[in-house]
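# Analysis of the macromolecular model
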Amino acid sequence: MKHYCDICKNEYALDVKKCKTCGRRLKEKLTEEEQKELQKQNDDFTVVNTMLM
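Residues numbered from 1 in each chain as written. Predicted model: local features only at pLDDT ≥ 70, side-chain atom pairs only at ≥ 80, totals over all residues. Heavy atoms only, no water.

Attention now moves to the overall build of the chain. Summing up its helical and strand segments, the chain has 1 helix and 3 strands in all. Secondary structure of the chain in N-to-C order comes out as β-β-β-α. What you see for the chain is a C-alpha radius of gyration of 16 Å, clearly larger than the 10 Å of a compact globule of 53 residues, by over 25%. Each principal axis of the C-alpha distribution contributes one length, and for the chain these read about 50 × 20 × 15 Å. Expressed as a percentage of contacts within the chain between residues at least 6 apart in sequence, the contacts between residues at least 24 apart total 23%. Surface accessibility of the chain: about 4,800 Å² in total, with carbon and sulfur atoms responsible for 53%. Within the chain, one finds 11 positive and 10 negative side-chain charges whose respective centroids are separated by 10 Å. (Helix = DSSP H or I, 4+ residues; strand = E, 2+ residues; numbered from the N terminus. Rg over C-alpha atoms; globule rule 2.2 N^0.38 Å. Contact = heavy atoms within 4.5 Å. Areas by Shrake-Rupley, 256 points an atom, 1.4 Å probe, with all protein chains shown as cover. Lys, Arg positive; Asp, Glu negative; His and termini not counted. Charge placed at Lys NZ, Arg CZ, Asp CG, Glu CD.)

Spelled out as structure tokens, the structure:
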């Protein structure tokens, strides 16, 4: 996971809280691998939830 600035589109390490260019607060950005893992977890949860209903 990294931090990024919506305005400047710069990426920073997690320990940086504000953009060094514009000073705005940074948002978290998942890596592609983290996005795939999160999607898999959501899919698994959906299957379990459907089975319980």
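From this point, the narrative continues.
Among the secondary structure elements, lysine 2 is positioned in strand S1 (residues 2–4). Ignoring anything within four residues of it in the chain, the contact list for lysine 2 reads Glu11, Tyr12, Leu14, Lys27, Glu28 and Lys29.

With that settled, consider the pattern of salt bridges. Think of it this way: side chains of opposite charge can pair up when their charged atoms draw near. Inspection of the entire model under this criterion finds 4 salt bridges. The salt bridge partner of lysine 2 is glutamate 11, with a shortest N-O separation of 3.7 Å. Between glutamate 11 and lysine 29 there is a salt bridge; the shortest N-O distance is 3.0 Å. With a gap of 18 residues between them, glutamate 11 in strand S2 (residues 11–12) and lysine 29 in strand S3 (residues 27–29) connect regions that are remote in the sequence. You can call glutamate 11 partly exposed: its relative accessible area is 42%. Given a relative accessible area of 36%, lysine 29 falls into the partly exposed group. Residues joined by salt bridges that share partners form a network here, namely Lys2, Glu11 and Lys29. (Salt bridge = Lys/Arg side-chain N within 4 Å of Asp/Glu carboxyl O. Buried < 20%, exposed > 50% of the residue type's maximum accessible area, 1.4 Å probe, protein only.)

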